[in-house]
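# Descriptive analysis of the structure
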Amino acid sequence: PQIVINQDDDNSFVDEEDILKLLKDRNDTLDGQPLHEISVYELEKALNAHPSIAAADVAVNVNGDVTINITQRKPIVRVMNLSGESFYIDNKATLMPLADHYTARVLVVNGFIAEQYAQFYNMSIPQIQKDSALNAACIVDDIYELAKYLASDSLMGGLITQAYVNSDREIELYPAIGGQKIIFGKAEDIAGKFEKLKVFYTEGMNSCNSWEKYAIINLKYKNQVVCTKKEILKP
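Residues numbered from 1 in each chain as written. Predicted model: local features only at pLDDT ≥ 70, side-chain atom pairs only at ≥ 80, totals over all residues. Heavy atoms only, no water.

If you walk through the whole model with that rule in mind, you get 7 aromatic pairs. Taken together, a centroid distance of 6.3 Å and an interplanar angle of 45° make the contact between Phe200 and Tyr201 tilted. For the pair Phe200 and Tyr201, one class covers both residues: buried. Of the aromatic side chains, those joined through ring pairs into one cluster are Phe13, Tyr88 and Tyr102. (Phe/Tyr/Trp six-rings, centres within 6.5 Å; stacked < 30°, edge-to-face > 60°. Buried < 20%, exposed > 50% of the residue type's maximum accessible area, 1.4 Å probe, protein only.)

Structure, rendered in structure tokens:
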């Protein structure tokens, strides 16, 4: 079969070898297989069940040549829970397991996160948000909303590489430069908080060359940014 794997980024969760192995495990070699014995529906069903595949399209021409088009899932955040387990949430708001041979370069969030992959892999984030009990108990929905914003904002997405959920279920951010802890608070008014941070970085810190001056930047308070300077140890 001809296998085409479509990707619009650097992610490489599945390759041709993985697809061929999946077919072999199903005894679907397709080589020399009569046209009437090839079930496009069953093939697509098996491929779409793969945890790293977003969509699979199988086409068979009159000569029996098979073309398999694969679109990979696109993670936007890696979650590390209290049990030490890791999983992704993708851009379609569903949980996704780690790949055996590839790690995506995405936002990493750890801390007081109790949710486990086995509990929620078959639920979408919108389903969690619509269930009042789950919405109150879970933090993965807040993590997804934060990651979704950062994935859409190239400036902030490039700056914020790690986040931490503290025991009060509030989010702390850690930028790639500057060394500050950014207290984000609850996952509320996400765009507004990041706009405040952009203004602070571009107009405040850059104007006085003070990237290394502050230890903590607090975005929790409405219409203001509260900063704590680093302590200077005297000899």
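Once that is clear, we can look at the nonpolar core. In terms of nonpolar packing, the biggest core is built from 40 residues, with Leu146, Leu173 and Phe194 touching the most fellow members. If sequence neighbours within four positions are ignored, Leu146 has contacts with Leu107, Ala163, Ile171, Leu173, Phe184, Ile190 and Phe194. Formed by 14 residues, the second largest nonpolar core is a distinct cluster that contains Ile3, Leu22, Leu23 and Ile53. (Core = buried A, V, L, I, M, F, W, Y, C linked by side-chain atoms within 4.5 Å. Contact = heavy atoms within 4.5 Å.)

On to the sheet that holds strand E6 (residues 95-97). If you trace the 9 strands from one edge of the open sheet to the other, you get E6-E5-E4-E7-E8-E9-E10-E11-E12, paired in mixed fashion. The two strands at the open ends of the sheet, each matched to only one other strand, are E6 and strand E12 (226-229). Ignoring strand direction, the axes of neighbouring strands in this sheet form an average angle of 25°. Strand direction decides the pairing type here: strand E9 (residues 171-175) and strand E10 (residues 181-185), joined by 3 bridges, are antiparallel. Each bridged residue has a counterpart across the sheet, and for Leu173 the counterpart in E10 is Ile182. Contacting strand E4 (75-80), strand E5 (86-90), strand E7 (107-111), strand E8 (160-165), E9 and E10, helix H6 (residues 140-152) runs over the sheet at an angle of about 140° to E4. (Pairing = 2+ DSSP bridges. Helix = DSSP H or I, 4+ residues; strand = E, 2+ residues; numbered from the N terminus. Axes fitted to C-alpha atoms, helices over the stretch in contact; angles between N-to-C directions.)

Following the sequence through the fold, Asp90 ends up in strand E5. Not counting the four nearest positions on each side in its chain, Asp90 is found in contact with Arg73, Lys74, Pro75, Ile76, Met96 and Tyr144.

The subject of this paragraph is unusual backbone geometry. Not every positive phi belongs to a glycine, and Arg169 is a case in point at roughly 65°. Counting through the fold element by element, Arg169 comes out in the loop between E8 and E9. Positive phi values are uncommon outside glycine, yet Asp189 reaches one of about 50°. When its relative accessible area of 55% is taken as the criterion, Asp189 is described as exposed.

This next bit is on the sheet that holds strand E3 (residues 66-72). Taken in spatial order, the 3 strands line up as E1-E3-E2 in an open sheet, and their pairing is mixed. Looking at the sheet topology across the chains shown, the edges are occupied by strand E1 (2-6) and strand E2 (53-60). Taking the axes of each pair of neighbouring strands and ignoring which way they run, one obtains an average angle of 15° across the sheet. Lying on the sheet, helix H1 (residues 16-25) is in contact with E1, E2 and E3; it crosses E1 at an angle near 130°.

This paragraph deals with H6. For H6, spanning 13 residues, the distance from its first C-alpha to its last is 18 Å, which sits close to the expected 18 Å at 1.5 Å a residue. Every buried residue of H6 is listed here: Val140, Asp141, Ile143, Tyr144, Leu146, Ala147, Tyr149 and Leu150. (Expected span 1.5 Å × (residues − 1).)

The next thing to look at is the environment of Ile171. If you trace the backbone, Ile171 turns up in strand E9. Taking relative accessible area as the criterion, Ile171 reaches 3% and is therefore assigned buried. Sequence separation between Ile171 and Leu146 is 25 residues, and the spatial gap between their C-alpha atoms is 9.4 Å. Dropping the residues within four chain positions of it, Ile171 is found in contact with Leu146, Ala163, Tyr164, Ile182, Ile183, Phe184, Gly185 and Ala187.

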